Every structure is written in structure tokens, then in C-alpha cells.
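Residue-level listing of the chains:
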Amino acid sequence: LFGFGWLSRRLERQSDVIGAWASGANDEDGCEDRISPEGASAFAGALQHVALLNGIPPQQRSWRHGSIRSRINYILQLASHEGRRSETDRRVRRIKKGIWAAFVLAVALGLVDWLVSPPA
């Protein structure tokens, strides 16, 4: 339960970063994965609009989603510190590798258990 919520919020954050990046994507300065202040502002406005249209208080959060307010703050902070999309993508790639490693380990342990004591 808690693991799914944690994972959901990380993937949601990656989606927010990609949305902000795409909203202001430009590579005029040679850094094509940077979150621009314009893109962050446009995406923050879209998130605010989503909250308004759905009647969601911006500070409300759930076990699966961060609050709209925290998501907006993260995107704006990322842009103000010249954050890059690649940083968030790298974090999600590490999570995916961890999930695959856990899956492979579970299969290997199941196979060992089956070999040691096969079903009758």
C-alpha cells in the first residue's frame, strides 16, 4: 500500500517535469533538457486550473498523489534552480531497475525453493 503510493508520487513527479519541460521546451542555450521558467509557469498554471475545475483544494493530498500546491512548488523551484529533466528521469530509471531486480530475485528464490522441495 505505502510502496504503491510512494511509486505513484514519483511517477507523477516525472510526468509533471516532462509537462513543464514540454511547455517551454527550447534549446537556445544548448541545454535541451532544462526546465525553463516559462514552461514551469505555464505548467503550474495548468495544474492550478485542474485543481479549480475539479474543486480540489490545492493543499489536499492523498496516499497516491501529492498536493497540487506541492507539485506546483516543485516545478517552480526546479526551474528557478535551472533544474533538468534528466535528473528526474534518472531517478525513475533507478526505481525501475530496483523493481526489475526485486522481480528477478523473487523468481530466483521461487525457483530455488521449487528445486529444493518440488511439489508432490
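Residues numbered from 1 in each chain as written. Predicted model: local features only at pLDDT ≥ 70, side-chain atom pairs only at ≥ 80, totals over all residues. Heavy atoms only, no water.

Caption draft 1: Representation of the packing of aromatic side chains within the structure. For the coordinates displayed, the defined rule picks out one aromatic pair. Where Trp 100 meets Phe 103, the ring centres are 5.7 Å apart and the plane angle is 85°; that geometry is what we call edge-to-face. With Trp 100 and Phe 103 both in helix H4 (residues 85–116) and three residues apart, this pair spans about one turn of that helix. Of the residues examined, Phe 103 reaches a relative accessible area of 49% and is grouped as partly exposed. The ring of Tyr 74 is capped by Arg 13, whose NZ or CZ atom sits 3.7 Å from the centre of that ring. Stacked on the ring of Trp 21, the Lys or Arg Arg 85 has its end atom at 4.5 Å from the ring centre. (Phe/Tyr/Trp six-rings, centres within 6.5 Å; stacked < 30°, edge-to-face > 60°. Helix = DSSP H or I, 4+ residues; strand = E, 2+ residues; numbered from the N terminus. Buried < 20%, exposed > 50% of the residue type's maximum accessible area, 1.4 Å probe, protein only. Lys NZ or Arg CZ within 6 Å of the ring centre and 35° of its normal.)

Caption draft 2: Representation of helix H2 (residues 37–54) in the model. Over its 18 residues, H2 extends 26 Å from the first C-alpha to the last, a length consistent with the 26 Å expected when each residue adds 1.5 Å. Of all the residues in H2, the buried ones are Gly 39, Ala 40, Phe 43, Ala 44, Leu 47 and Ala 51. The buried residues of H2 occupy an angular sector of 130° when projected down its axis, which confines them to one face. In this structure, H2 carries Glu 38, Leu 52 and Leu 53 as exposed residues pointing more than 90 degrees from its buried face. Residue Gly 55 follows H2 closely and has a positive phi angle near 65°. (Expected span 1.5 Å × (residues − 1). Arc of directions from axis to C-beta.)

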